[in-house]
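Residue strings, one per chain:
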Amino acid sequence: MSDSRARYHIKQLTKKYKLLRMSEVGLQALALACIAFSIPYAFNVPWGISLTFSIAGGSLLFLYRCEQLNLFHLQELDITAYLNQHFDTLQNSSDLLLRDPSELSTLQQLQKLRTTVAFEALYPGIKLPHHLLRAGGIFIASVALTFTLTSFAPFLTRSTAGNTSKDSLTYTSKFIAAPAQVKQAIITIAPPPYTGLKSQATQAWSLTLPEGSTVEWQVQFSAEVKDPTLVFSGKEVVRMKSGQQNTYILRRSIDETGFYQLAWTTPAGNVKHSDFFKLEIIKDQAPVITINKLNQFTELEYTNKPVIDVYATLSDDYGLDNAHIIATVSKGSGESVKFREDKLFFGKPASITGKHLEAIRKLDLIKLGMEPGDELYFYVVAFDNKLPRPNHTRTETYFISLQDTTQQETVVDDGLGVDLMPDYFRSQRQIIIDTEKLLQEKKKTSKTAFQSKSNELGYDQKVLRLRYGEFLGEEFESGIGPQENPAEEDHDHEEDITKKYGHVHDKENEHNLVQEKQPEHHHHAEAKEGEDKNGVPAGFVHEHDSEEEATFFTQSIRAKLKAALTIMWDAELHLRLYEPEKSLPFQYKALKLLKEISQDSRIYVHRTGFDPPPLKEEKRMAGDLSEVKSATALSSSNHKENNEAIRYALQVTALALAKDSISIDNTLKRSLTQAGQALGKLAIDQPGVYLKSLSLIRALTENELKPEEQRSALKTVQTSLWKALPEAPEAPATATRALHTLDRSFIKNLEAHE
């Protein structure tokens, strides 16, 4: 290694050390920035302030660590000092590699040569100190913590600033000033008892509260007023009760999102209205259920104790009340299938309570009465503690089946209506058992007996194949597997092994397994290619005697059965060749296909039903149909009237804005009032979108705005009116492409003949 190359490697080590250390410090700074952002943000601190904390904390940590590790002033001499300290073979002389040879004495030059050789050997294995992996782990943990805190921020903002043991809510995010003649207003929100939240008093008029909360308004006026009322969503007027010292009280349960305003009459007879205020409901969410460590479809082998562990994670925003498993056991197949439904409770914990818990239930399939071939369908249902009617959630249906180990072929024959199975008919599983037994006894059995037994199993495999071939219309060995050509028979006088070791009648259709067909003598002329014997084209012939069509099964089952027969050919081949160990894999494949065929007729249809709401006895037999509405009978007249009022208000508003000076005349007031009624219906579902425009319409119609404020108010109202209009449906457009003369002539003649 030359001097310049050694100097270059030291520079590279310096850059590498800076990069590693700065990456480490950067990850640590990002981790602190994430935490500094998430903690204030989770406790409802504005995101701008949280972001400022995050940037400041991350930057300070980055600068501090860089200064602590001397990264801004790191030089190559610092690297050589590290090398001298940790590598004895350099003999504390690595700094000589950076010096000019002309500045060195003879002894120093000799030492530099030795150091260069030692450095060349050490360089590939030099590892600079850093904690990059640890910093990466800290960063990943901080990101996870940030995600958790920001995800649960809506729940954390419900807690009060003090150290209280129970949750309570912050019911509004923005204070809205009270009406002019209202001296003081105290609004008390009492959440439902089942939520466990504390009551809270506020002076803010816009409210965000849990579903079913009871709100009490105590409004004190600065002077005497008449008939103060609260108008809910522009349609329901509720009168307040009189108290002491011009104080009026109203107590009401709130279940729906909407808006409200305060109205009263002055002693002079003038009706006054307050601004519009928001009522936003926090819905009680249904429980959340997660099934862990279990696939939706599970197939088990039949053992002494088939047990399934069901691990369920249950959570709810306010609390759980109950949870259980609905399990259905299916027995039998086809039309004789039977179902039994059971309700199973979790073993741990003993009682389902709390906001979050892990529930466990062991499903002992034997105790549930399951046998080989049976199936279990179950799902988990959870209920929360909402009153009077709890929310509930159910999971998807999970399927567990026990493999059928006894009846594999008889299931296929159940639907035939006739018993065509001989007494000596051997199933595929029996052939597998005998083959495995033969392999186990191979060392104790003579070669002649082993080959004879293997050949007999091959014959049994053949009989089984022919038996299943009947269901495909293949009554003989034609159509499956290799074909034999009698013309190519070998007439050599060699020993016939099949006659020596096989059955005497080991031939096709032995023991009359199927009915013999008499040969038919055809005297028809030879048909042309693509035609049948009668000269009819093949595409117009419906074949009834084809092996592909003569089958008891549907197309999917027939394809599986034909594949099983093809595999049986390979299994029989190896048994005939005295290789049962090679035949076993094919036998298992054939058995698996036969099991799938036997299960194809098993159908599970989940029982569905409708739980009607409870009847109100006071309305029973009353004949009141006012609340009965049919989806097909609903008229769009109301929507049409609303849209016409909004469109007319847009026209009048546009004319008013086109003038140099705004003039709020009676026509504009009347159109804005009608449009405000239409917006009020939309504000019931979206109070945050249209309440400001409703307030501006009220201020414009009652002349409460200054002249310089009227133009901007009209523009804001105009924008909301445009948002309220529904999007126009796309209408079919006429074709604009020019037609050819022949096309026009064809269309004209076609219309003339209609």
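What about the overall build of the chain?
Within the chain, the regular secondary structure consists of 17 helices and 19 strands. Residues counted as buried form 38% of the 754 residues belonging to the chain. When the accessible surface of the chain is split by element, carbon and sulfur atoms take 54% of a total near 47,400 Å².

Regarding the sheet that holds strand β2 (residues 200-202)
If you trace the 5 strands from one edge of the open sheet to the other, you get β2-β1-β4-β8-β7, paired in antiparallel fashion. The strands lining the two open edges of the sheet, one partner per strand, are β2 and β7 (241-242). Direction of pairing for strand β1 (residues 182-190) relative to strand β4 (residues 213-221): antiparallel, over a ladder of 8 bridges. Residue pairing in the sheet places A185 in a bridge with V219 of β4.

As for the packing of aromatic side chains
Given two aromatic rings, one states the distance between the centres and the angle between the planes to describe the pair. In total, this model carries 13 aromatic pairs according to the counting rule given. Between F221 and Y248 the ring centres are 5.9 Å apart and the planes differ by 75°, which places this aromatic pair in the edge-to-face class. With F221 in strand β4 and Y248 in strand β8 (residues 247-254), the pair connects residues that are 27 residues apart, well separated along the chain. The residues F221 and Y248 share a single accessibility class, namely buried. Taken together, the ring pairs in this structure connect W205, W217, F232, Y260 and F277 into an aromatic cluster. If you follow K293 out to its NZ or CZ, it ends over the ring of Y311, 5.0 Å from the centre. Positioned above the aromatic ring of W569 is the side chain of R465, whose terminal nitrogen or guanidinium carbon lies 3.9 Å from the ring centre.

Focus on the environment of P101
Within the secondary structure, P101 is located in the loop between α3 (76-86) and α4 (106-122). For P101, a relative accessible area of 33% puts it in the partly exposed group. Between the alpha carbons of P101 and K112 there is a distance of 8.9 Å; along the sequence they are 11 residues apart. Setting aside chain neighbours within four positions, we find P101 in contact with D3, Q109 and K112.

Quick look at the pairing of β4
The buried count for β4 comes to 7 of 9 residues, which makes it a mostly enclosed element. Examined bridge by bridge, β4 and β8 share 8 bridges and lie antiparallel to one another. Bridge pairing in β8 places V219 opposite Y248.

Structural notes on the pattern of salt bridges
Oppositely charged side chains can pair when the atoms bearing their charge come close. Within the structure shown, the criterion is met by 15 salt bridges. The partner of R239 in a salt bridge is D227, with the nearest N and O atoms 2.6 Å apart. Taken together, the residues span a long stretch of sequence, with R239 in strand β6 (residues 236-239) and D227 in strand β5 (residues 226-232) at a distance of 12 residues. For D227, a relative accessible area of 41% corresponds to the partly exposed category. E280 is the partner of K278 in a salt bridge, and the nearest nitrogen-oxygen pair spans 3.4 Å. Residue classification places K278 among the partly exposed positions, given a relative accessible area of 23%.

Focus on helix α12 (residues 580-599)
In this model α12 runs 28 Å from its N-terminal to its C-terminal C-alpha over 20 residues, within 8% of the 28 Å that 1.5 Å per residue would give. Within α12, the full set of buried residues consists of P580, S583, L584, Q587, A590, L591, L593, L594, K595, I597 and S598.

A word on the nonpolar core
Core analysis: the largest hydrophobic core is formed by 31 residues, its most contacted members being L700, L714 and L721. Of all the elements in the fold, those that place two or more residues in this core are α13 (637-658), α14 (666-683), α15 (687-701) and α16 (707-724). Broken down by element, this core gets its largest block of residues, 7 residues, from α15. Setting aside residues no more than four positions away along its own chain, L714 makes contact with T653, A656, L657, I662, I664, L668, L672 and L700. Formed by 29 residues, the second largest nonpolar core is a distinct cluster that contains A312, L314, V329 and L376.

Comments concerning the side chain of H324
Position of H324 relative to the elements: it lies in strand β14 (residues 307-331). Excluding anything up to four places from it in sequence, H324 contacts K343, L344, F345, F346, Y379, V380, V381 and F383.

Some words on the packing of helix α8 (residues 428-440) against helix α9 (residues 447-469)
Running from N to C, α8 and α9 point in directions that differ by 170°, and their axes come no closer than 10 Å. With respect to each other, α8 and α9 are oriented roughly antiparallel. In contact with Q428, I431, D434, T435 and L438 of α8, α9 contributes F450, K453, S454, L457, D460, Q461 and L464. Here the residues of the contact of α8 with α9 sort into 5 nonpolar, 4 polar and 3 charged.

Here we look at the packing of α8 against α12
Two elements in contact, α8 and α12, have axes whose closest approach is 10 Å; the angle formed by their N-to-C orientations is 160°. Put simply, α8 runs roughly antiparallel to α12. Like other packed secondary-structure pairs, α8 and α12 cross with a definite hand, here left-handed. Residue-level contacts link Q428, R429, I431, I432, T435, E436, L438 and L439 of α8 to P580, E581, L584, Q587, Y588, A590, L591 and L594 of α12. Broken down by class, the residue content of the contact of α8 with α12 amounts to 10 nonpolar, 3 polar and 3 charged.

What counts as what
- Residues numbered from 1 in each chain as written.
- Predicted model: local features only at pLDDT ≥ 70, side-chain atom pairs only at ≥ 80, totals over all residues.
- Heavy atoms only, no water.
- Helix = DSSP H or I, 4+ residues; strand = E, 2+ residues; numbered from the N terminus.
- Buried < 20%, exposed > 50% of the residue type's maximum accessible area, 1.4 Å probe, protein only.
- Areas by Shrake-Rupley, 256 points an atom, 1.4 Å probe, with all protein chains shown as cover.
- Pairing = 2+ DSSP bridges.
- Phe/Tyr/Trp six-rings, centres within 6.5 Å; stacked < 30°, edge-to-face > 60°.
- Lys NZ or Arg CZ within 6 Å of the ring centre and 35° of its normal.
- Contact = heavy atoms within 4.5 Å.
- Salt bridge = Lys/Arg side-chain N within 4 Å of Asp/Glu carboxyl O.
- Expected span 1.5 Å × (residues − 1).
- Core = buried A, V, L, I, M, F, W, Y, C linked by side-chain atoms within 4.5 Å.
- Axes fitted to C-alpha atoms, helices over the stretch in contact; angles between N-to-C directions.
- Parallel < 35°, antiparallel > 145°, perpendicular 65-115°, else oblique.
- Nonpolar A, V, L, I, M, F, W, Y, C, P; charged D, E, K, R; others polar.
- Left-handed = near helix turned anticlockwise from the far one by under 90°.

Taken by themselves, the reported measurements are silent on function.
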